[in-house]
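# Working through the structure, step by step
Below are the chains, spelled out letter by letter.
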Amino acid sequence: MSRQFAILGMGYFGIIVAQELRRQHHQVMGIDADEARVNAQSELFNHAVVGDITNAKVLEELSLDQYDAVVIDADDDIESSMICTLLAREQEAREIWVKAHSDTHYRLLEHLGADHIVYPEYDSGMRVAESLHYQAMVDFIRLGGNQFIVELQTTDELAKSCDCVGDLALDPEKLALIAITRDKEVLRQPDHDTPLEKGDNLILMGDLDDLRELGKKL
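The name an unreviewed UniProt entry gives the protein is TrkA family potassium uptake protein, with Pistricoccus aurantiacus as the organism.

Summing up its helical and strand segments, the protein has eight helices and eleven strands in all. Per-residue burial for the protein yields a buried fraction of 42% across its 218 residues. Sequence-distant contacts, at least 24 apart, represent 53% of the contacts inside the protein between residues at least 6 apart. As displayed, the protein has an accessible area near 12500 Å², and 47% of this comes from carbon and sulfur atoms.

Bridge analysis of strand β9 (residues 175–182) against strand β11 (residues 201–207) gives six bridges, and the strand direction is antiparallel. Bridging from a neighbouring strand, Leu177 pairs with Leu204 of β11. Where β9 and strand β10 (residues 185–188) come together, four bridges link them in antiparallel fashion. Note that in β10 the partner of Arg182 across the bridge is Glu185. Here β9 hands over to β10 after two residues, with Asp183 in that stretch at a positive phi of 55°.

Before going further, it helps to examine the side chain of Thr194. Relative to the elements of secondary structure, Thr194 occurs in the loop between β10 and β11. A relative accessible area of 14% means that Thr194 is categorised as buried. Those residues in contact with Thr194 that lie beyond four places of it in its chain are Cys164, Val165, Ile180 and Leu187.

To continue, consider helix α5 (residues 103–112). Because an α-helix packs 3.6 residues into every turn, residues spaced three or four apart end up facing the same way. Residues His105, Tyr106 and Leu109 constitute the buried set of α5. Looking straight down α5, one finds that the buried residues subtend no more than 105° of arc, so they occupy a single side.

Right, let's talk about the packing of helix α4 (residues 78–90) against α5 for a bit. At their nearest, the axes of α4 and α5 sit 9 Å apart, and the two run at 15° to each other. As far as their axial angle goes, α5 and α4 are roughly parallel. Of the two possible hands of crossing, α4 and α5 adopt the one that is right-handed. For the pair α4 and α5, the contacting residues are Ile78, Ser81, Met82, Thr85, Leu86 and Arg89 in the first and His105, Leu108, Leu109 and Leu112 in the second. In terms of residue class, the contact of α4 with α5 is made up of six nonpolar, three polar and one charged.

As a further point, take the pattern of salt bridges. Counting across every chain of the model gives eight salt bridges. Notably, a salt bridge pairs Glu20 with Arg23, separated by 2.6 Å at the nearest N-O pair. With Glu20 and Arg23 both in helix α1 (residues 12–23), this residue pair falls three residues apart, about one helical turn. Taking the relative accessible area as the measure of exposure, Glu20 reaches 36% and is therefore partly exposed.

This part covers the environment of Leu62. With respect to the secondary-structure elements, Leu62 resides in helix α3 (residues 56–62). Look at Leu62 and you get buried, because its relative accessible area is 14%. Along the sequence, Leu62 and Met29 sit 33 residues apart, while their C-alpha atoms lie 9.2 Å from each other. What Leu62 contacts, discounting residues up to four positions off in sequence, is Leu8, Met29, Ile31, Val49 and Tyr67.

What follows deals with the pairing of strand β5 (residues 96–99). For strand β4 (residues 69–72) and β5, the ladder comprises three bridges, and the chain directions are parallel. Across the sheet, residue Ile72 finds its bridge partner in β5, namely Val98. Of the crossover connections in this fold, the one passing from β4 over α4 to the parallel β5 is right-handed. Inspection of the sheet shows β5 paired to strand β6 (residues 116–118) by three bridges, in the parallel sense. When the bridges of β6 are listed, Lys99 appears paired with Val118. With respect to chirality, the unit in which β5 leads through α5 into the neighbouring parallel β6 is right-handed.

Reading the values: rules and limits
- Residues numbered from 1 in each chain as written.
- Predicted model: local features only at pLDDT ≥ 70, side-chain atom pairs only at ≥ 80, totals over all residues.
- Heavy atoms only, no water.
- Helix = DSSP H or I, 4+ residues; strand = E, 2+ residues; numbered from the N terminus.
- Buried < 20%, exposed > 50% of the residue type's maximum accessible area, 1.4 Å probe, protein only.
- Contact = heavy atoms within 4.5 Å.
- Areas by Shrake-Rupley, 256 points an atom, 1.4 Å probe, with all protein chains shown as cover.
- Pairing = 2+ DSSP bridges.
- Arc of directions from axis to C-beta.
- Axes fitted to C-alpha atoms, helices over the stretch in contact; angles between N-to-C directions.
- Parallel < 35°, antiparallel > 145°, perpendicular 65-115°, else oblique.
- Left-handed = near helix turned anticlockwise from the far one by under 90°.
- Nonpolar A, V, L, I, M, F, W, Y, C, P; charged D, E, K, R; others polar.
- Salt bridge = Lys/Arg side-chain N within 4 Å of Asp/Glu carboxyl O.
- Right-handed = clockwise from strand over helix to strand, strands pointing away.

Right under this line is the structure:
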């Protein structure tokens, strides 16, 4: 089902989001104060507008409350990002996604009412550090707070010591094994008797500290 989205600011992040949304056959409106940039990207959007995203009257004319979500990418202009977030919240945008540029910016966006804050540098840095430290880790998703979903690859040591899921001795109050991926097969909610094989990827959810402790054993 096609949905409607507004991209406020045509930075690199906003353009990538717009490209993927259009690929998924959604309706996408884009606005930026740079006329040359808008003209260059006009074919990407269903509707492209030249306008200042920090101007309340300009945003009022866009009827942001009619879109399923708005995505704010003011390049590296933190002040414009915050003003736009505040205006979008005042105009009762249903869902606000904003790109953050620093820890302070992240906290300010939280106070201004952003529903989702994307912090690429932090997330990428965390992913690289965790992958370097725990070589068994394939990927992870931060859910909020200290809660994560992590994909861990079984090692030779684990395959030798654990024949099945039950041998992992997971504390169900701390960690949940959501699925096992094996080649192209996905085993959802595996039970204790599900066998473990070398090369299996374990998809787990829980507190990061508990996930790290498990990672040390793999």
